[in-house]
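# Understanding the architecture of this molecule
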Amino acid sequence: MVAYGAEQRVLVPALRAGWMRQTFVHWAYPPETVQALLPRGLVVDTYEGAAWVGFTPFVMTDVRPAVVPATAPGLPSFAETNLRTYVRRRGGGPDGLWFLTLEVACPLMLGARAVGAPYHLGSLSVGTAGDALAYEGTRWGGRASYRLVVRPGGPIRPTERDVWLTSRWRAWTRRLGLLWETPVEHEPWPLAEASVEVLEENLTRAAGLPAPASAPLVHYSEGVRHVRFGPSRPVGPAAGPR
């Protein structure tokens, strides 16, 4: 069972931040379709026989290296959007995230490419349309783009599937032939219902997936303010996609 709260403490963080106004849009995919995009050190994680791909736009706030005190200002807030899936280390290892793409409006985040995080710079925005939220983004120098308008609803008590889709405590990346692990710790997500009014995206196709074939499962969260990223570390070889 994936844990609703952090599975480990990040006692010595490398980075602190907040993730605010986050929407989770999830589609089910055949496991073999997603597995084809993963390095050999990882296997796709499934829920009730399906792999899941999450499209998650949000606002990054108060980003700062851990050595910068909380009383000092962090970076200005900026928009980010992730396309991710859920994986485990091969051989029965722990679960976590694999990012198919990371779209971001802040050039400083490109530094995470040092451990293989697939960041792409773009023009991104998060705004309001009445009582709905509007997310838009276009990757610089490419055709990848999205537009999402979502209307948040009331708070929910998370089901097992809700926790499985939203609460992961490590991410893997690939760089220099190695698989890197980055731990993360934060308070549990306060989840709410949400309904989609507009959804246009081609990030899935740009990442090598077929366009989603079914209606998405959608959640909204006002966010988590106390995100602690541990130092990334290599954990083994990572061959090409399987």
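Attention here is on the structure that accompanies the text. (Residues numbered from 1 in each chain as written. Predicted model: local features only at pLDDT ≥ 70, side-chain atom pairs only at ≥ 80, totals over all residues. Heavy atoms only, no water.)

Each helix and strand counted, the protein has 3 helices and 13 strands in total. For 242 residues, the compact-globule estimate of 2.2 N^0.38 gives 18 Å, and the C-alpha radius of gyration of the protein, at 17 Å, lies within 12% of that figure. Taken along the three principal axes of its C-alpha coordinates, the protein extends 50 × 45 × 40 Å. Taken over 242 residues, the protein has a buried fraction of 49%. For the protein, the proportion of contacts with a sequence separation of at least 24, taken over those separated by at least 6, is 73%. A total accessible area of about 10,900 Å² is found for the protein, and carbon and sulfur atoms account for 56% of it. (Helix = DSSP H or I, 4+ residues; strand = E, 2+ residues; numbered from the N terminus. Rg over C-alpha atoms; globule rule 2.2 N^0.38 Å. Buried < 20%, exposed > 50% of the residue type's maximum accessible area, 1.4 Å probe, protein only. Contact = heavy atoms within 4.5 Å. Areas by Shrake-Rupley, 256 points an atom, 1.4 Å probe, with all protein chains shown as cover.)

Now for the layout of surface pockets. In this structure, the largest pocket spans a volume of roughly 770 Å³. Looking at the lining of the largest pocket, the elements with two or more residues in it are strand S1 (15-29), strand S3 (51-65), strand S4 (78-89), strand S5 (95-104), strand S9 (170-175) and strand S10 (178-185). It is S3 that provides the largest number of residues to the lining of the largest pocket, a total of 6 residues. Class assignment of the residues belonging to the lining of the largest pocket gives a composition of 23 nonpolar, 10 polar and 5 charged. (1 Å grid on protein atoms, 1.4 Å probe; cavity = no way out; pocket = protein on both sides within 12 Å on 5 of 7 lines; lining within 4 Å. Points joined across faces, edges and corners; volume = space filled by probe spheres on them. Nonpolar A, V, L, I, M, F, W, Y, C, P; charged D, E, K, R; others polar.)

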